[in-house]
Amino acid sequence: MNSFIQRCIEPDCQTEYKIDERLYVCSRCGGLLDVVWGDTVVDADSLRKLWRERKSSLDVRDRSGVWRFREFLPFAEDVEVVSLGEGNTPLYEAPRSADYCRLSHLKLKHQGCNPTGSFKDTGMTVAVTQARKLGAQLVVCASTGNTAASLAAYAARAELRCAIIVPGGQVSHAKLAQALDYGAKVLEVEGNFDSCMNVIRELSEDGAVYLVNSINPFRIEGQKTVAFELAEQLEWRVPDHLVLPGGNLGNSSAFGKGFRELLRSGLIDRLPKITVVQAAGAAPFARFYREHDAFVNEEHPQTLASAIKIGAPVSWPKAWRAVSETGGSVITVTEQEIADAKAVIGRDGIGCEPASATTVAGIRKLISERAIQEDETVVAVLTGHLLKDTDYVMKYHSDSLIAPDGERLASNFGNSPIRVPASLKMIRALL
Ligand code: F0G
């Protein structure tokens, strides 16, 4: 195993901690922590070969799209992993979405095809493995729904007690149902995600409680492997652009770290431009990008894409590193643009939850502004499954989706069900 440590990301601090020290931020300056490893020489060709060979193995770690890349994970070879067979998600060609964006090709990396239906599983397998290794008694998170569903499942597998804190009345039924079924203690707080996050950070100062939000660097370690899997699926040819939604900004941070480590190890020869797309009503990171001033939280974030209804993203400094060092950007899209893009992704036979559709909406906008060229290679990351929020889907297709500002959204790609008597003649006529 490489020699891994945790290190503060703040340039003028850089305090180092042992890999198994249980902390979430730097105890000296409060900065975010990175897991880093020494300069071990990597033989890129042998690693690529080893990773490919593992695909035909029956070992639990090799069946996982995260642990298959364990040379880059901060654990000893004999660690007992908590896995649900996460990762190994498809990379789809999406011709209708490409056409909608006016691109010649568009690929969609569907992280919604993970065991609990979102990208969170790739981070949770690592964070819960670390929780068990540290002997934690209770694992907790604040969540807009997907982290909660994922943690609840992995905690159940690890036989750890689990509590999740969610904004009351603001989480989709599907996500809440998952957490309940997996046996987590679900606490609905009167407030938004940011208030949940504040409470949970205080709670996790108790040593028996282990916090697995993406502020925990082990979550990022798991999620970074999606960059490895994607690069492998593209035969190690890096796309010009990687576009993903931004909420708490852990995922953008993870992709940035993953690609950085691949470049440093000689597995790829350049970085993709990482572009983060936020919903216009919940876009503190986009404002920071535009104004290049101090980071200001959004007091009252608003969007129907409830997964990314976040005003105080904890990981923004890491996400900023990912965007700035790759030459990417941060943009916003409207509620209408999200809703329409989501329906178009559906027409490709793929589908996703609203937050994920910010990507296709964002790419369309970047092409119209000529920030992406028609012949460039673009991959969008779909973060959650279509079935995560069916209420939204039904409202869109029945022309009754109301935006947070009270405006009814147009059902531009609507497909409402047709009521018909049980008559062959009438059904024939309709077909
Ligand atoms: N897409 C989906 C489907 C999500 O659930 C989230 C975040 C994001 C995008 C944004 O990712 O936070 O890493 O920038 N969901 C969190 C949760 C906040 O609690 O499930 P991010």
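Residues numbered from 1 in each chain as written. Predicted model: local features only at pLDDT ≥ 70, side-chain atom pairs only at ≥ 80, totals over all residues. Heavy atoms only, no water.

The next subject is the environment of Ser 416. Looking at the element boundaries, Ser 416 is found in the loop between α14 (390-397) and α15 (424-430). Each C-alpha atom, one on Ser 416 and one on Lys 395, is 9.3 Å from the other, the two residues being 21 residues apart in sequence. (Helix = DSSP H or I, 4+ residues; strand = E, 2+ residues; numbered from the N terminus.)

By volume, the largest pocket amounts to about 480 Å³. What lines the largest pocket is a set of 21 residues, and nearest its centre among them are Gln 170, Leu 304, Ser 306, Asp 389 and Asp 391. For the lining of the largest pocket, the secondary-structure elements that each account for two or more residues are α6 (173-181) and α14. Looking at the lining of the largest pocket element by element, the count peaks at four residues for α14. (1 Å grid on protein atoms, 1.4 Å probe; cavity = no way out; pocket = protein on both sides within 12 Å on 5 of 7 lines; lining within 4 Å. Points joined across faces, edges and corners; volume = space filled by probe spheres on them.)

If you walk through the whole model with that rule in mind, you get 27 salt bridges. Salt-bridge contacts for Glu 232 lead to Lys 55; the nearest nitrogen and oxygen are separated by 3.7 Å. Separated by 177 residues along the polypeptide, Glu 232 in helix α8 (residues 217-233) and Lys 55 in the loop between α1 (44-54) and α2 (60-63) bring together distant segments of the chain. Owing to a relative accessible area of 11%, Glu 232 belongs among the buried residues under this scheme. Notably, a salt bridge pairs Arg 96 with Asp 348, separated by 3.4 Å at the nearest N-O pair. Highlighted residues: Arg 96 in helix α3 (residues 95-101) and Asp 348 in the loop between α12 (335-347) and α13 (354-368), separated in sequence by 252 residues. Assessed through its relative accessible area of 13%, Asp 348 is described here as buried. Sharing partners across several salt bridges, the network here consists of Arg 54, Asp 59, Arg 61, Asp 62, Arg 70, Glu 71 and Glu 77. (Salt bridge = Lys/Arg side-chain N within 4 Å of Asp/Glu carboxyl O. Buried < 20%, exposed > 50% of the residue type's maximum accessible area, 1.4 Å probe, protein only.)

Further remarks concern the domain arrangement of the protein chain. It is common to report an interface's size as the accessible area lost on association of the parts. For the protein chain, the assigned domains read domain 1 (1-41) and domain 2 (91-115 + 217-397). Centre-to-centre, using C-alpha coordinates, domain 1 lies 27 Å away from domain 2. Contacts between the two partners involve 11 residues from domain 1, matched on the other side by 12 residues from domain 2. Buried surface at the junction of domain 1 and domain 2, summed over both partners, amounts to about 1000 Å²; 55% is from carbon and sulfur atoms. Taken together, domain 1 and domain 2 are joined by two salt bridges. Residues Lys 318 and Asp 34 are paired through a salt bridge, measuring 3.9 Å at the closest nitrogen-oxygen approach. Taken together, the connections running from domain 1 to domain 2 amount to four residue pairs in polar contact (both at pLDDT 80 or more). Considering each element in turn, the side of domain 1 that touches domain 2 owes the most residues, four residues, to strand β3 (residues 33-37). (Domains from an automatic or database assignment. Contact = heavy atoms within 4.5 Å. Buried area = accessible area lost by both parts, 1.4 Å probe. Polar contact = N/O pair within 3.5 Å; in protein donor to acceptor, adjacent residues only side chain to side chain.)

Taking 1.5 Å per residue as the helical rise, helix α9 (residues 250-264) with its 15 residues ought to reach 21 Å, and the 21 Å between its terminal C-alpha atoms agrees with that figure. The buried fraction of α9 amounts to 12 of the 15 residues, a majority that puts the element mostly inside the structure. When α9 is considered as a whole, its buried residues turn out to be Gly 250, Asn 251, Ser 252, Ser 253, Ala 254, Phe 255, Gly 256, Lys 257, Gly 258, Phe 259, Glu 261 and Leu 262. Within two residues after α9, Gly 266 carries a phi angle of roughly 75°, on the positive side. (Expected span 1.5 Å × (residues − 1).)

Here we take up the site of the ligand. The ligand sits among 21 residues. The nearest are Ser 143, Thr 144, Asn 248, Leu 249 and Thr 383. Within the side chain of Lys 120, an N or O atom sits 3.0 Å from a nitrogen atom of the ligand. In this structure, an oxygen atom belonging to the ligand sits 2.7 Å away from a side-chain N or O atom of Ser 143. When the ligand is considered free in solution it has 470 Å² of accessible area, and contact with the protein chains removes 99% of it. Secondary-structure elements contributing two or more residues to the shell around the ligand are α5 (146-158) and α9. Per-class residue counts for the shell around the ligand are seven nonpolar, 12 polar and two charged. (Near = heavy atom within 4 Å. Areas by Shrake-Rupley, 256 points an atom, 1.4 Å probe, with all protein chains shown as cover. Nonpolar A, V, L, I, M, F, W, Y, C, P; charged D, E, K, R; others polar.)

Residues in a regular strand project their side chains so that they alternate between the two faces of the sheet. By the bridge criterion, five bridges tie strand β7 (residues 161-167) to strand β8 (residues 185-189) in an arrangement that is parallel. Residue pairing in the sheet places Pro 167 in a bridge with Val 189 of β8. (Pairing = 2+ DSSP bridges.)

A contiguous nonpolar patch, built from Ile 418, Val 420, Met 426, Ile 427, Leu 430 and Leu 431 and spanning about 620 Å² of accessible area, is present on the exposed surface. When you line up the elements, Leu 430 lands in helix α15. (Patch = residues over 30% accessible without salt bridge, like charges linked within 9 Å, V, L, I, M, F, W, Y side chains within 5 Å.)

This part is about the side chain of Thr 332. In this structure, Thr 332 sits in strand β12 (residues 330-333). What makes Thr 332 buried here is its relative accessible area of 18%. If we skip the residues at most four places from it in the chain, Thr 332 touches Gln 278, Ala 280, Ala 283, Ala 286 and Lys 365.

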